[in-house]
Amino acid sequence: MFAMGRQHDELADAVAALADAETVSFGGVGLAGTMLPETEAYQRIEEVAADRPDEVRGQLERLLSAGSPAARVYAATLLERLDPPAGRAAWAGLRADPTQLHTATGCVLDSTTVGEYAANRLAES
């Protein structure tokens, strides 16, 4: 029972960290390959999702509607892994979002809009 409570707190903490994410990055950033806190939160949610997909899905849907631009991208990405059709629907819903989004891949920092990012993800699938 104690482990379940800790796992619940870990999910709640990760969702809270992701809700205010400023940058989308799925790996290390910069020359040192430092992991951003939001990337670590994304990875924790991804791990929990295997055991508790319904609870995670509810949290992802909340992030899609109330999270930062980066949180919405992370949520759609995770939702796509849990339920591909729901993920595609999330990306389609984000396609019209004009909000600026910061991304990082290695040493490359970039910006785009949530809508452009979503359109690219839909084109890849």
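Residues numbered from 1 in each chain as written. Predicted model: local features only at pLDDT ≥ 70, side-chain atom pairs only at ≥ 80, totals over all residues. Heavy atoms only, no water.

Peer 1: Can you walk me through helix α6 (residues 114-124) in this structure?
Peer 2: Residues that lie three or four places apart on an α-helix share one face, since the helix turns once every 3.6 residues. Residues of α6 that are buried: Val114, Gly115, Tyr117, Ala118 and Arg121. One face of α6 carries all of its buried residues, which in axial projection span an arc of 160°. Pointing more than 90 degrees away from the buried face of α6 are the exposed residues Ala123 and Glu124. Residues of α6 that are buried sit in contact with β1 (23-24), α4 (69-82), α5 (84-94), β2 (100-105) and β3 (108-113). (Buried < 20%, exposed > 50% of the residue type's maximum accessible area, 1.4 Å probe, protein only. Helix = DSSP H or I, 4+ residues; strand = E, 2+ residues; numbered from the N terminus. Arc of directions from axis to C-beta. Contact = heavy atoms within 4.5 Å.)

Peer 1: Is there a simple way to explain the pattern of salt bridges in this structure?
Peer 2: Two side chains of opposite charge can pair, provided their charged atoms sit close to one another. Counted according to the given criterion, the structure contains six salt bridges. When the shortest N-O distance is used, the salt bridge between arginine 57 and aspartate 83 registers 2.6 Å. Here the residue arginine 57 occupies a position in helix α3 (residues 53-66), and aspartate 83 occupies one in the loop between α4 and α5, the gap between them amounting to 26 residues. (Salt bridge = Lys/Arg side-chain N within 4 Å of Asp/Glu carboxyl O.)

Peer 1: Just to check I follow, could you spell out the side chain of serine 68 for this structure?
Peer 2: Structurally, the position occupied by serine 68 is in the loop between α3 and α4. A polar contact of 2.6 Å, which involves the side chain of serine 68, links it to the backbone oxygen of alanine 21. Look past the residues within four positions of serine 68 in its chain and what remains in contact with it is Leu18, Ala19, Asp20 and Ala21. (Polar contact = N/O pair within 3.5 Å; in protein donor to acceptor, adjacent residues only side chain to side chain.)

Peer 1: Just to check I follow, could you spell out the packing of α4 against α5 for this structure?
Peer 2: The description of two helices packed together rests on the angle between their axes and the distance between the axes. Where α4 meets α5, the closest approach of the two axes is 6 Å, and the angle between their N-to-C directions is 155°. In terms of orientation, α4 and α5 fall into the roughly antiparallel class. Taken as a pair, α4 and α5 cross one another with a handedness that is left-handed. Side by side, α4 and α5 meet where Arg72, Val73, Ala76, Thr77, Leu79, Glu80 and Leu82 of the first sit next to Pro84, Ala86, Gly87, Ala90, Trp91 and Leu94 of the second. Along the lines of polarity and charge, the residues of the contact of α4 with α5 split into nine nonpolar, two polar and two charged. (Axes fitted to C-alpha atoms, helices over the stretch in contact; angles between N-to-C directions. Parallel < 35°, antiparallel > 145°, perpendicular 65-115°, else oblique. Left-handed = near helix turned anticlockwise from the far one by under 90°. Nonpolar A, V, L, I, M, F, W, Y, C, P; charged D, E, K, R; others polar.)

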